[in-house]
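What follows is the residue order along each chain.
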Amino acid sequence: MELVNAAISAVHGYVPDYVLTNKELETMVETNDEWIQSRTGIKTRHILKDKDKATSDMGVEVVKGILEKSNTAPEDIDLIICATVTADMVFPDTANTIADKAGLSNAFGYDINAACSGFLYALTTGSQFIRTGMYKKVIVIGADKMSSIIDYTDRATCIIFGDGAGGVLLEPNHEGLGFQDAILKSDGSGRDILHMKAGGSLKPASIETVTAKEHFVYQEGKAVFKKAVKGMIGTTKSLMERNNITKDDIDWMVPHQANIRIINSVAHGLDFPMERVMLNIEKFGNTTAGTLPLCLWDYENQLKKGQNVMFTAFGGGLTWGSVYFKWAY
Ligand code: UT7
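A few points on the structure. Remember, predicted model here, so these are calculated numbers, not experimental data. (Residues numbered from 1 in each chain as written. Predicted model: local features only at pLDDT ≥ 70, side-chain atom pairs only at ≥ 80, totals over all residues. Heavy atoms only, no water.)

## Here's the deal with the pattern of salt bridges
Here is the rule: In the sections that follow, a salt bridge refers to a side-chain nitrogen of Lys or Arg positioned within 4 Å of a carboxyl oxygen of Asp or Glu. Counting from the N terminus, the helices are DSSP H or I runs at least four residues long and the strands are E runs at least two residues long. Three labels apply to residues, based on accessible area from a 1.4 Å probe with only protein chains included: buried if under 20% of the type maximum, exposed if over 50%, partly exposed otherwise in between.
The final tally for this structure, using the stated rule, is 12 salt bridges. Between Arg242 and Asp181 there is a salt bridge; the shortest N-O distance is 2.8 Å. On the criterion of sequence distance, the pair formed by Arg242 in helix α8 (residues 221–242) and Asp181 in strand β8 (residues 178–186) is long-range, its members being 61 residues apart. Classification of Asp181 as buried rests on a relative accessible area of 15%. The partner of Asp271 in a salt bridge is Lys247, and the shortest N-O contact between them spans 3.9 Å. Of the two residues, Asp271 is situated in the loop between α9 (260–269) and α10 (281–284) and Lys247 in the loop between α8 and β11 (252–255); the sequence distance between them amounts to 24 residues. Under the relative-accessibility criterion, Asp271 is labelled exposed at 54%.

Okay, structure coming up:
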């Protein structure tokens, strides 16, 4: 039987215009540029200021870019998956709104909520629809308007996160390129260290939850940091072993951009050279589901057909994992 792989055939990204600098954050909370840069590696992050715009609007920009670059008609898209923790509304799914606004009239869509690992979950899921032969054109988006769930009086979180979106088009490949393998993990018992306290069915929004600032990201940074390093190293090592490849066979590592010290530790733990690690945390901060496709967007010109790309991420859930792709163009 012929092997059909799901290959990435186009990439696009979008960040809003407004740039929130460390200097501006100094005027909002007790922090300083030196602390932020040395502890996180972040200099700037982009913020969607327009009150009428949401995660879907960033997703639409990504879809438009993908369609244009790949010369694809909107009605030819079969499926759109949107990874996000900042859906426009609790329901319906943001993917449906993006499809509507971008004119994907024949696509069905759904969201995946796996926080910072969301793009990997969505990329793996989307790839399976191509591999089975069920669909031919699948768009996978990672998009988050983190500014909508950040407390800008909490210096532990407001300095880290930014808004942004990225995405890819998946199409069949008959040369063995594209999706190779994935190891995805989750551990719900770790939900206490990274979550939003209210707004769900457990604790619906009320005057009390708003007053108590429970509609913002709650994170125990140190605990998450340690688990992130261990998790990303673990799944990347297992995935390399399972596919009989070593670090020398990997051309690019694409890590979730949460903290430069986490990325450094993961690279160190894998003895992987930083020259082959994609980085853009300095300018975008942590855009949650957006970081990995935004890296691809930034490095697209340096990627070459046949190169081995190893994605890895960690986030709320807890969720983490690694995905191995062969670049197809
Ligand atoms: O993307 C989803 C997954 N998330 C992550 O991977 C994030 C993982 N965690 C982290 O990146 C880091 O833990 C943070 C960047 C959130 C925090 O860095 P840290 O080195 O773990 O700092 P800390 O929380 O241990 O705080 C150290 C000190 C504290 O002061 P004291 O208690 O030592 O006096 C904090 O109050 O730094 C203080 N601090 C700050 N100081 C200046 C915390 N935030 C700030 C700040 N500016 N913005």
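## Notes on the sheet that holds strand β13 (residues 319–326)
Across a sheet, strands are paired by hydrogen bonds formed along the backbone, either parallel or antiparallel in direction. The line we're drawing: By definition, two strands form a pair when at least two bridges between them are found by DSSP. To define axes, lines are fitted to C-alpha atoms, for helices over the stretch in contact only, and angles between the resulting N-to-C directions are given on a 0 to 180 degree scale. Residue contacts are defined here by distance: any two heavy atoms, one from each residue, within 4.5 Å place the two residues in contact.
Strand order in the open sheet made by the 4 strands is β8-β13-β12-β11, with mixed pairing throughout. This sheet does not close on itself; its edge strands, each paired only once, are β8 and β11. Here the average twist between neighbouring strands, direction ignored, is 10°. Bridge count for strand β12 (residues 308–315) against β13 is 8 bridges, and the pairing is antiparallel. Residue pairing for β13: Gly315 is matched across the bridge by Thr319. The strands touched by α8 are β8, β11, β12 and β13; relative to β12, the strand with the most contacts, the crossing angle is about 150°.

## Re the state of the cysteines
Operational definition: Pairs of cysteine sulfur atoms within 2.5 Å are identified as disulfides in what follows.
According to the stated counting rule, one finds 0 disulfides in the structure shown. Unpaired in terms of disulfides, Cys82 finds its nearest cysteine sulfur in Cys116, a separation of 14 Å.

## Side note on the sheet that holds strand β4 (residues 79–83)
Strands sit in the order β1-β7-β6-β4-β5 across an open sheet of 5 strands; the sheet is mixed. Of all strands in the sheet, those with a lone pairing partner are β1 (5–14) and β5 (108–112), marking the two edges. Sheet twist, expressed as the average angle between the axes of neighbouring strands with direction ignored, equals 20°. Along the sheet, helix α3 (residues 55–70) contacts β1, β4, β6 (138–145) and β7 (163–173); its crossing angle with β1, the most-contacted strand, is approximately 120°. Each of β4 and β5 touches helix α4 (residues 94–102); the most contacted strand, β4, lies at about 130° to it.

## Concerning the site of the ligand
Quick note on the threshold: The nearness test applies per residue and asks whether one of its heavy atoms lies within 4 Å of the molecule or strand. Polar contacts, as counted here, are pairs of nitrogen or oxygen atoms within 3.5 Å of one another; within protein the pair requires one atom able to donate a hydrogen and one able to accept it, and residues that are adjacent in sequence qualify only if both atoms are side-chain atoms. Note on residue classes: Ala, Val, Leu, Ile, Met, Phe, Trp, Tyr, Cys and Pro are nonpolar, Asp, Glu, Lys and Arg are charged, and everything else, Gly too, is polar. All domain edges in this entry derive from an automatic or database-based domain assignment.
Neighbouring the ligand are 22 residues; Thr31, Arg39, Lys222, Asn259 and Asn286 lie closest to it. Interatomic distance of 3.0 Å between a backbone N/O atom of Gly221 and a nitrogen atom of the ligand. One of the side-chain N or O atoms of Asn286 is found 2.7 Å from an oxygen atom in the ligand. Counting residues per element, the ones that place at least two in the shell around the ligand are α2 (33–40), α6 (155–158), α8 and α9. Broken down by element, the residue count for the shell around the ligand peaks at 4 residues, all from α8. In terms of residue class, the shell around the ligand is built from 10 nonpolar, 7 polar and 5 charged. Both domain 1 (5–178) and domain 2 (180–326) contribute no fewer than three residues apiece to the shell around the ligand.

## Digging into the nonpolar core
We apply this condition: In this text, buried Ala, Val, Leu, Ile, Met, Phe, Trp, Tyr and Cys residues form a nonpolar core when linked through side-chain atoms within 4.5 Å.
In terms of nonpolar packing, the biggest core is built from 43 residues, with Val217, Ile262, Leu270, Met310 and Phe314 touching the most fellow members. Every element with two or more residues in this core is listed here: α8, α9, β12 and β13. No other element matches the 8 residues that α8 contributes to this core. Residues lining this core come from more than one domain, with at least three contributed by each of domain 1 (5–178) and domain 2 (180–326). Apart from residues no more than four positions distant in its own chain, Ile262 is found in contact with Phe225, Ala228, Val229 and Met232.

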